Amino acid sequence: MKVGLTGGIASGKSTVSKYLKELGAVIIDADKIAHSLMEPKKILWKRVVKEFGKEILLSNGTIDRKKLGGIIFNDSKAKKRLDKTTHPIIIAKIEEEMERLSKENDILIVDVPLLIEIDMIDFFDEVWLVYVDKDVQIKRLMTRDQIDYQKAIAKINSQMPLIKKKEYADRIINNNGTEEELKFEVIRVWQKISDIESEFK
Ligand SMILES: CC(C)(COP(=O)(O)OP(=O)(O)OC[C@H]1O[C@@H](n2cnc3c(N)ncnc32)[C@H](O)[C@@H]1O)[C@@H](O)C(=O)NCCC(=O)NCCS
Ligand SMILES: Nc1ncnc2c1ncn2[C@@H]1O[C@H](COP(=O)(O)OP(=O)(O)OP(=O)(O)O)[C@@H](O)[C@H]1O
């Protein structure tokens, strides 16, 4: 079974992935794929530098993520340029990883923050949405990234509203509560799909 795990920024995808990993799940992390492809001289590094110029590089040649984030989260045209430059390659890499890992794993979890925005729904048997209310999302994002309200809102508003993502989800993991409650919810869902999977074996 291929599960697409998504949500909004700071909704709790990585925390859910952490709990799933503790339960033995195999996870593909789109953010990690994007990060590695954007290392110096890698394919996305070359494309992004070509698109945005060397001024988005730090002195050590790595991409200044803070600066690039500052550009795209405040300018939707720049975000479209970055997405056009990066998403086809990221999607191809995710597909490659899914192909490789689905051979030896009955259940595969793919954590894709922009799963719905980049139209990957049909890649999966189920789409799981990690949902939080907007005020909770803002608070957690501000705390985690140590940014102010304006910056947090800009990042959140650059994505499809979480409430709208609910329409596309097969399962909704509500993360408005404590991490403990989230952990129990993850265990419950994992148990459910493991039972489904073993029925079809
Ligand atoms: C904009 C960048 C430089 C910010 O880097 P930073 O280290 O601050 O954040 P990080 O990469 O860990 O992403 C954190 C979260 O930001 C959100 N986010 C990332 N990229 C985007 C984007 N293009 N549009 C909207 N939200 C995004 C996601 O919720 C992600 O989980 C970086 O996110 C990036 O290179 N994004 C382009 C690649 C991409 O689209 N990744 C998402 C793949 S689904
Ligand atoms: N139920 C919870 N209670 C309190 N804090 C939480 C809860 N769930 C997650 N957090 C915290 O909120 C922040 C965002 O969670 P996390 O990083 O898992 O979100 P994410 O969806 O992976 O974010 P991103 O889109 O940036 O990758 C983290 O600091 C995390 O520790």
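Residues numbered from 1 in each chain as written. Chains lettered and ligands numbered in written order. Predicted model: local features only at pLDDT ≥ 70, side-chain atom pairs only at ≥ 80, totals over all residues. Heavy atoms only, no water.

Peer 1: Quick question: what am I supposed to make of the sheet that holds strand 2 (residues 26–29) here?
Peer 2: The pairing of strands in a sheet comes from backbone hydrogen bonds and takes either a parallel or an antiparallel form. What the five strands build is an open sheet, ordered 2-3-1-4-5; its pairing is parallel. Of all strands in the sheet, those bounded by a partner on one side alone are strand 2 and strand 5 (171–174). On average, each strand axis in the sheet is tilted by 25° relative to the strand beside it, whichever way the strands run. Sheet topology note: the strand 2/strand 3 (residues 108–111) ladder contains four bridges and is parallel. (Pairing = 2+ DSSP bridges. Helix = DSSP H or I, 4+ residues; strand = E, 2+ residues; numbered from the N terminus. Axes fitted to C-alpha atoms, helices over the stretch in contact; angles between N-to-C directions.)

Peer 1: How do you make sense of the domain arrangement of the chain when you look at a structure like this?
Peer 2: For an interface, size is often stated in terms of accessible area lost upon the parts coming together. Domain assignment breaks the chain into domain 1 (1–25 + 107–195) and domain 2 (31–106). A straight line from the C-alpha centre of domain 1 to that of domain 2 covers 21 Å. On the side of domain 2, 14 residues touch domain 1, which itself brings 16 residues to the contact. Interface area, domain 1 with domain 2, both sides summed: about 1400 Å², of which 74% is carbon and sulfur. Where domain 1 packs against domain 2, one counts zero salt bridges. (Domains from an automatic or database assignment. Contact = heavy atoms within 4.5 Å. Buried area = accessible area lost by both parts, 1.4 Å probe. Salt bridge = Lys/Arg side-chain N within 4 Å of Asp/Glu carboxyl O.)

Peer 1: How should the layout of surface pockets be read in this particular structure?
Peer 2: Space left empty within the atom packing is revealed by a probe, the size of a water molecule, rolled over the atoms. Roughly 1400 Å³ of volume is contained in the largest pocket. If you trace the largest pocket, you find 45 residues lining it, with Ile9, Asp31, Phe73, Arg144 and Lys155 closest to the centre. When residues of the lining of the largest pocket are traced back to their parent elements, those giving at least two are helix 1 (13–22), helix 2 (30–37), helix 4 (65–72), helix 5 (76–102), helix 6 (134–145), helix 7 (149–157) and helix 9 (179–199). Partitioning the lining of the largest pocket into residue classes produces 17 nonpolar, 16 polar and twelve charged. Both of domain 1 (1–25 + 107–195) and domain 2 (31–106) provide at least three residues apiece to the lining of the largest pocket. (1 Å grid on protein atoms, 1.4 Å probe; cavity = no way out; pocket = protein on both sides within 12 Å on 5 of 7 lines; lining within 4 Å. Points joined across faces, edges and corners; volume = space filled by probe spheres on them. Nonpolar A, V, L, I, M, F, W, Y, C, P; charged D, E, K, R; others polar.)

Peer 1: I would appreciate a short explanation of the site of ligand 2 in the present structure.
Peer 2: What surrounds ligand 2 is a group of 15 residues, the closest being Lys13, Ser14, Thr15, Arg144 and Asn175. Within the contact set of ligand 2, an oxygen atom lies 3.0 Å away from a backbone nitrogen or oxygen of Gly12. One of the side-chain N or O atoms of Asn175 is found 2.8 Å from a nitrogen atom in ligand 2. Coverage of ligand 2 by the protein amounts to 79% of the 630 Å² it exposes when considered alone. Cavity membership is defined here by more than half of the atoms lying within 2 Å of grid points; on that basis ligand 2 lies in the largest pocket. Elements with a minimum of two residues in the shell around ligand 2: helix 1 and helix 6. Among the elements that take part in the shell around ligand 2, helix 1 stands out by supplying three residues, more than any other. (Near = heavy atom within 4 Å. Polar contact = N/O pair within 3.5 Å; in protein donor to acceptor, adjacent residues only side chain to side chain. Areas by Shrake-Rupley, 256 points an atom, 1.4 Å probe, with all protein chains shown as cover. Sits in = over half its atoms within 2 Å of the grid points.)

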